[in-house]
Amino acid sequence: MASQPEVTVIIPNYNGKKLLENCIQTLERQTCTDFKLLVVDNGSDDGSTEVTSSLDLTMLALKENTGFCGAVNEGIRHADTPYMILLNNDTEVLPEFVEELLAAIKKSDRIFSAGAMMIDYHDRGRIDNAGDYYTAFGWAVARGKGKPLADFNRPCRVFSCCGGAVIYRTGLLREMGPFDERHFAYLEDVDMGYRAKIHGYINCYAPGARVYHVGSATTGTRYNEKKGFLAARNSMYLIYKNMPFLQLLINLPLILSGILIKSLFFLKKGFAGEYLRGIGAGITGCRGCKKVRFSWKNLGNYALIQLALWGNVIRILAGR
């Protein structure tokens, strides 16, 4: 009797048929082919649901666009393997991708997630994402973005892993709770990684698993009004949900400074109005967010998180 696959690869998709086909073709060339493939289509009208593969592919067609978070949560509900990989449709994966992610997450039962080296599709000598920094400014920053691959060849712990190419323990993911669908898209992966760290789990970077990432294939550009609004709104959700009151007070001066700096940045980009509207929507919308319940047994974890928030401010100011 054939053994059951250990991992399900989940690809959310919205009107990205050509990207999806290309992504699946690279998955068909994996050194480890013992995995299930689940595509969650967000109500596409470009024929995406007709895509086929030689792999064990299940196409889950949703009636409407539920956003990245909604699609991922549907995938999680349908996954029946111990591990699951989230993968953006605008990626090309190298042959060892699945094998390397599985090896990385199996190194310790305390590892919640392991993220791949995401490489700029258009400049393949440069990093797109090597894990995420989260800072006391209230910013999430892609580690290594635009820097040479050779500088990020070592595995390490990170604050959180980018949801574009990451493996999770399915059981722990369900224990942490679903991705927050109030986010729709952006920062939901940082929120998930933050929750895991509060409970003492580890997020790590696995550079042996590599993908080429187009980036902003759904929203169109790296900076735009929709992305500016969603990222600003969700940054407020992220702070409110995960920081206890005392930690929020400690970080408040830097959070306010971060909002001011970002406002000036988006003013130059022409999106300051949308950014500030997003901040306002986030603050007023926090009332509907479910906070992570504070527990004294996690006090040590909160202290380590706070040190990381301060340390990551230094790292990004130093250009690391």
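Residues numbered from 1 in each chain as written. Predicted model: local features only at pLDDT ≥ 70, side-chain atom pairs only at ≥ 80, totals over all residues. Heavy atoms only, no water.

## Re the packing of helix H5 (residues 188-198) against helix H9 (residues 299-317)
Packed helices, taken two at a time, are described by the angle between their axes plus the distance between the axes. The contact between H5 and H9 brings their axes to 8 Å, and the two run at 135 degrees. One element, H5, and the other, H9, form an angle in the oblique class. Between H5 and H9, the contacting residues are Tyr194, Lys197 and Ile198 on the first element and Asn301, Tyr302, Ile305 and Leu309 on the second. Taken together, the residues that form the contact of H5 with H9 break down as 5 nonpolar, 1 polar and 1 charged. (Axes fitted to C-alpha atoms, helices over the stretch in contact; angles between N-to-C directions. Helix = DSSP H or I, 4+ residues; strand = E, 2+ residues; numbered from the N terminus. Parallel < 35°, antiparallel > 145°, perpendicular 65-115°, else oblique. Contact = heavy atoms within 4.5 Å. Nonpolar A, V, L, I, M, F, W, Y, C, P; charged D, E, K, R; others polar.)

## Quick word on the nonpolar core
The nonpolar side chains of soluble globular proteins are, as a tendency, buried together. Val9, Ile11, Leu27, Leu87, Phe97, Val98 and Ile167 are the most contacted members of the largest nonpolar core, which has 35 residues in total. Contributions of two or more residues to this core are made by strand E1 (7-13), helix H1 (17-27), strand E2 (35-42), strand E4 (83-87), helix H3 (97-105), strand E6 (111-120), strand E11 (165-169) and strand E12 (202-213). Here this core gets 6 residues from one element, more than from any other, and that element is H3. Formed by 33 residues, the second largest nonpolar core is a distinct cluster that contains Val72, Phe152, Met176 and Tyr212. (Core = buried A, V, L, I, M, F, W, Y, C linked by side-chain atoms within 4.5 Å. Buried < 20%, exposed > 50% of the residue type's maximum accessible area, 1.4 Å probe, protein only.)

## Some words on the packing of aromatic side chains
Inspection of every chain in the model, using the stated rule, returns 10 aromatic pairs. Arranged with centres 5.3 Å apart and planes meeting at 90 degrees, the rings of Phe159 and Tyr194 form a pair that is edge-to-face. Here Phe159, found in the loop between strand E10 (156-158) and E11, pairs with Tyr194, found in helix H5; they are 35 residues apart in sequence, far enough to count as distant. You'll find Phe159 and Tyr194 in the same group, each marked buried. Centre to centre, the rings of Phe294 and Trp296 are 5.1 Å apart; their planes meet at 85 degrees, and the pair counts as edge-to-face. We classify Trp296 as exposed; its relative accessible area is 66%. In textbook terms, an aromatic cluster arises when at least three aromatic residues are bridged by ring pairs, as seen for Phe112, Tyr168 and Phe179. Over the aromatic face of Tyr212 sits the side chain of Arg124, whose NZ or CZ is 3.9 Å from the ring centroid. Its guanidinium or amino end placed over the ring of Tyr237, Arg182 lies 4.9 Å from that ring's centre, counting from NZ or CZ. (Phe/Tyr/Trp six-rings, centres within 6.5 Å; stacked < 30°, edge-to-face > 60°. Lys NZ or Arg CZ within 6 Å of the ring centre and 35° of its normal.)

## Looking at H5
Taking burial as the measure, the 11 residues of H5 include 11 buried ones, the bulk of the element. Here H5 has its buried residues at Glu188, Asp189, Val190, Asp191, Met192, Gly193, Tyr194, Arg195, Ala196, Lys197 and Ile198. Following H5 by one or two positions, Gly200 has its phi on the positive side, about 90 degrees.

## Here's the deal with unusual backbone geometry
In most cases, non-glycine residues show a negative phi, while peptide bonds are predominantly trans. The backbone of Asn15 sits at a positive phi, close to 50 degrees, despite the residue not being glycine. Examined against the element boundaries, Asn15 turns out to sit in the loop between E1 and H1. For Asn15, a relative accessible area of 31% corresponds to the partly exposed category. Residues other than glycine seldom take positive phi values, yet Tyr186 does so here, at roughly 85 degrees. Its location among the elements puts Tyr186 in the loop between helix H4 (170-176) and H5. By relative accessible area, Tyr186 is classed as partly exposed at 22%.

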